[in-house]
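What follows is the residue order along each chain.
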Amino acid sequence: MAATGEAQPAKHQEVGHKSLLQSDALYQYILETSVYPREPQPMKELREVTAKHPWNLMTTSADEGQFLNLLLKLINAKNTMEIGVYTGYSLLSTALALPEDGKILALDINRENYEIGLPIIEKAGVAHKIDFREGPALPLLDEMVNDVKLHGSFDFIFVDADKDNYLNYHKRLIDLIKIGGVIGYDNTLWNGSLVAPPDAPLRKYVRYYRDFVLELNKALAVDPRVEICQLPVGDGITLCRRIS
């Protein structure tokens, strides 16, 4: 209680908190009631390890990890790709959802961060599903697009990397995802900054990437090749189902 006797809103306890819910107490309720009790032990362990990393704000939130895991099962995904891995929380969520012979092409510029989570992924028994490639994603994607046999070969693709390249990724991924497959773009509500006034006090990286996220959202909204749904889960995730 404050000195005035007024109740203060509860502060969330999730490291790397990205929820856009106005009430931290309500977000904590979701985590404690629906997310944490169902979170697989390896994901909990990786979440707690990642919380100690200085860049922990980059991690996928626990509620979004749960959402991705269920989504992959609902669409019966088997061949997937992830661009932007960090320590591998969303990657582990995906690997646990895929069948035993499922595959994930995982792309990131930093193997060191990936190796933080790798021992946990290995202990979970799903490392064999992951093909990790270190380096920029665009050159590899260009190679894949040039191989016609790879067109339409992916069931699901998750993008959580450099926001200034999201549209460049989309131009390539649309060929690689199958008809009926889903691409998920993370951080499409970008800390709520998309509706902030021009003079709002924003962190430098938030202000820098905001225009790129706005551009992506406008482009996806009018792309006739996909059906979209933008969800206020985590920091916002836009699902694109390819229809043509």
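One can find the structure itself at the top, above this paragraph.
Residues numbered from 1 in each chain as written. Predicted model: local features only at pLDDT ≥ 70, side-chain atom pairs only at ≥ 80, totals over all residues. Heavy atoms only, no water.

Here's the deal with the packing of aromatic side chains
Thinking step 1. Going through the model one piece at a time under the given rule, you end up with seven aromatic pairs.
Thinking step 2. Ring centres 5.6 Å apart and planes at 55 degrees place the aromatic pair Tyr 208 and Phe 212 in the tilted group. With Tyr 208 and Phe 212 both in helix H8 (residues 204–221) and four residues apart, this pair spans about one turn of that helix.
Thinking step 3. Taking the centre distance of 6.5 Å and the plane angle of 55 degrees together, the rings of Tyr 209 and Phe 212 count as tilted. In this pair, Tyr 209 and Phe 212 both sit in helix H8, three residues apart, roughly one turn of the helix.
Thinking step 4. Of the residues examined, Phe 212 reaches a relative accessible area of 27% and is grouped as partly exposed.
Thinking step 5. Ring pairs connect the aromatic residues Trp 190, Tyr 205, Tyr 208, Tyr 209 and Phe 212, which therefore count as one cluster. (Phe/Tyr/Trp six-rings, centres within 6.5 Å; stacked < 30°, edge-to-face > 60°. Helix = DSSP H or I, 4+ residues; strand = E, 2+ residues; numbered from the N terminus. Buried < 20%, exposed > 50% of the residue type's maximum accessible area, 1.4 Å probe, protein only.)

Some details on the nonpolar core
Thinking step 1. Judged by nonpolar contacts, the single largest core of 32 residues is most densely connected at Leu 91, Leu 92, Tyr 114, Ile 121, Ile 130 and Phe 156.
Thinking step 2. Tallying contributions element by element places helix H4 (residues 89–97) first for this core, with five residues.
Thinking step 3. Other than its neighbours up to four places away in sequence, Leu 92 contacts Pro 42, Met 43, Leu 46, Ile 120, Ile 121, Ala 124 and Val 126.
Thinking step 4. One finds Leu 138, Met 144, Ile 174 and Leu 216 within the second-largest nonpolar core, a separate group that totals 25 residues. (Core = buried A, V, L, I, M, F, W, Y, C linked by side-chain atoms within 4.5 Å. Contact = heavy atoms within 4.5 Å.)

As for the sheet that holds strand S1 (residues 79–83)
Thinking step 1. Taken in spatial order, the seven strands of this open sheet run S3-S2-S1-S4-S5-S7-S6, and their pairing is mixed. One side of each edge strand has no neighbouring strand; the edge strands of this open sheet are strand S3 (130–134) and strand S6 (226–231). Between one strand axis and the next, the sheet turns by 15 degrees as a mean value, whatever way the strands run.
Thinking step 2. Of the pairings in the sheet, the one linking S6 to strand S7 (residues 237–242) comprises six bridges and is antiparallel in character. Across the sheet, residue Gln 230 finds its bridge partner in S7, namely Thr 238.
Thinking step 3. In this fold helix H6 (residues 137–146) packs onto S1, strand S2 (103–108), S3 and strand S4 (154–159), with an angle of close to 135 degrees to the strand it touches most, S2. (Pairing = 2+ DSSP bridges. Axes fitted to C-alpha atoms, helices over the stretch in contact; angles between N-to-C directions.)

Comments concerning the packing of helix H1 (residues 24–35) against helix H3 (residues 62–74)
Thinking step 1. At a minimum axis distance of 10 Å, the contact between H1 and H3 shows a crossing angle of 45 degrees. Taken together, the axes of H1 and H3 lie oblique to each other. At the point where H1 passes H3, the crossing takes the left-handed sense. Every residue of H3 that contacts H1 at Tyr 27, Leu 31, Ser 34 and Val 35 is listed here: Ala 62, Asp 63 and Gln 66.
Thinking step 2. The residue makeup of the contact of H1 with H3, split by class, is four nonpolar, two polar and one charged. (Parallel < 35°, antiparallel > 145°, perpendicular 65-115°, else oblique. Left-handed = near helix turned anticlockwise from the far one by under 90°. Nonpolar A, V, L, I, M, F, W, Y, C, P; charged D, E, K, R; others polar.)

Regarding H6
The α-helix advances 3.6 residues per turn, and as a result positions three or four apart in sequence lie on the same side.
Thinking step 1. Among the residues of H6, those classed as buried are Ala 137, Leu 138, Leu 140, Leu 141, Met 144 and Val 145. Projection of H6 onto a plane perpendicular to its axis shows the buried side chains occupying an angular sector of 160 degrees, all on one side. Of the exposed residues in H6, the ones pointing more than 90 degrees away from its buried face are Glu 143 and Asn 146.
Thinking step 2. On the buried face of H6, the contacting elements are S1, S2, S3, S4 and helix H7 (166–176). (Arc of directions from axis to C-beta.)

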